[in-house]
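Coordinate inspection notes
One-letter residues, chain by chain:
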Amino acid sequence: MDPMDRALELARRALGATSPNPAVGAVLVKDGVVVGEGFTQPPGQAHAEIVALRQAGDQARGATLYVTLEPCCHFGRTSPCASAIIAAGVAEVRYALIDPNPLVSGAGAAQLEAAGIRVAAGEGAEASRKLNEAYCKFITTGMPFVTAKFAASLDGKIATRTGDSRWITGVDARGMAHRLRALSDAVMVGVGTALTDDPLLTARDEADQPRPRQPLRVLVDSHGRTPASARLFREPGPVVVAGAGMPGEHQAALREAGAEVLAFPGEDGRVDLRALLAYLGRRQITSVLAEGGGTLLGSLFDQRLVDKVAAFIAPVVIGGARAVPAVAGQGVATVGQAARLKDVEVHTLGGDLLVTGYPVLEHGSASLSSRV
């Protein structure tokens, strides 16, 4: 396997475990032989380059390092990778993507070159950028990367006129949805979904057991309609309830149930979603999986807060004017104003489809994250 392809493969293993750090893979090659490799460990532990250098030992001297992101050159929770690479005597560094972190952003490569190390960039850049799309947005804006996820019928419904929604998609699609949760820092739903489905919102494995690492669960409930007996409060992992005009006694009940209750009042009396996302960014949440329902997703689309769409489409037609749409809100006035997806991918999951892409706003203005 090509060393950079191998580095990207290693980086994918780190996804979901490194936030707020990027997921990085590294491979050390000497005389055509791999002498060390690794991927980023959880925060506070070794970066990919350090894991590879430790594995290589003395074999790192004179070797070529393939890494999916420019080596860091600043002190954070760990010491700089660039300094360790220089000390190990690596002869050449080939990195895929320049680190958009303002503390790095070319400075890591410059430090390596100043030490006499040959440096080349760009191989595998697009794959590395996509792999770290949440990190790229977060590190440059302080805001999390928002993915709008829903499971809908061919005619765009997520529930029938009676509210029944189980199950529109099949087992394979639901398994993928749980993997998306596991890769996200936070999962967000609106109060309508909480009341209708009483979801757990946990990331579960193939045996339907909670995974060791759980995303932060965020419930948008402006006026405190969710009962303290809801199942999500009894599941492992923290819960944030975002309100706007919630009665004090209900706040107390939710806190007693284990939730963190915060207020983000907007001008319309509902939760200010932009303020909520900014708070999550300050909490170092780099990625949010917004799972609905239609009202929450509609508001996110109306306010141009969606960076990516993950739509699970089942080959079924529900019909009915009163059936629940996947995306509600105000919507656009003309088709030309609609958020059209770019870089669309379609995957088959059993009998269902997963369609992913990045919204492009009217007049061709793409979301910030897709320009990073």
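This text follows the structure it describes.
Bear in mind the structure is a predicted one, so any value in this text is a computation, not a measurement.

Rules used in this analysis
- Residues numbered from 1 in each chain as written.
- Predicted model: local features only at pLDDT ≥ 70, side-chain atom pairs only at ≥ 80, totals over all residues.
- Heavy atoms only, no water.
- Helix = DSSP H or I, 4+ residues; strand = E, 2+ residues; numbered from the N terminus.
- Buried < 20%, exposed > 50% of the residue type's maximum accessible area, 1.4 Å probe, protein only.
- Contact = heavy atoms within 4.5 Å.
- Arc of directions from axis to C-beta.
- Polar contact = N/O pair within 3.5 Å; in protein donor to acceptor, adjacent residues only side chain to side chain.
- Pairing = 2+ DSSP bridges.
- Axes fitted to C-alpha atoms, helices over the stretch in contact; angles between N-to-C directions.

Notes on the side chain of Thr40
- With respect to the secondary-structure elements, Thr40 resides in the loop between strand 2 (33-39) and helix 2 (48-56).
- On the basis of relative accessibility, which here comes to 4%, the residue Thr40 falls in the buried class.
- Here Thr40 is in contact with Ala14, Thr18, Pro22, Ala23, Val24, Ala46, His47 and Ala48, once residues within four sequence places are set aside.

Details of helix 4 (residues 107-114)
- Considered for burial, the residues of helix 4 that qualify are Gly108, Ala109 and Leu112. Summarising the axial view, the buried residues of helix 4 lie within an arc of 95°, below the 170-degree limit, and thus occupy one face.
- Where helix 4 is buried, its residues contact helix 3 (81-88), strand 4 (92-97) and strand 5 (118-121).

Focus on helix 10 (residues 273-282)
- Looking only at helix 10, the buried set comprises Leu273, Leu276, Leu277, Tyr279, Leu280 and Gly281.
- At the N-terminal end of helix 10, a side-chain oxygen is found 3.1 Å from the backbone nitrogen of Arg274, two or three residues along, and the residue is Asp272.
- Just beyond helix 10, the residue with positive phi is Gln284, at close to 65°.

Side note on the sheet that holds strand 1 (residues 25-30)
- A sheet is described by the order of its strands in space; here five strands give the open sequence 2-1-3-4-5, paired in mixed fashion. Among the strands making up the open sheet, the edge pair consists of strand 2 and strand 5. Each strand axis lies, on average, 15° off the axis of its neighbour in the sheet, ignoring direction.
- In this sheet, strand 4 lies alongside strand 3 (residues 64-69) in parallel orientation, the contact comprising five bridges.

With respect to the environment of Cys81
- In this fold, Cys81 is placed in helix 3.
- When its relative accessible area of 1% is taken as the criterion, Cys81 is described as buried.
- A sequence separation of 38 residues divides Cys81 from Pro43, and the C-alpha atoms of the two residues are 14 Å apart.
- Setting aside chain neighbours within four positions, we find Cys81 in contact with His47, Glu49, Ile50, Pro71 and Cys72.

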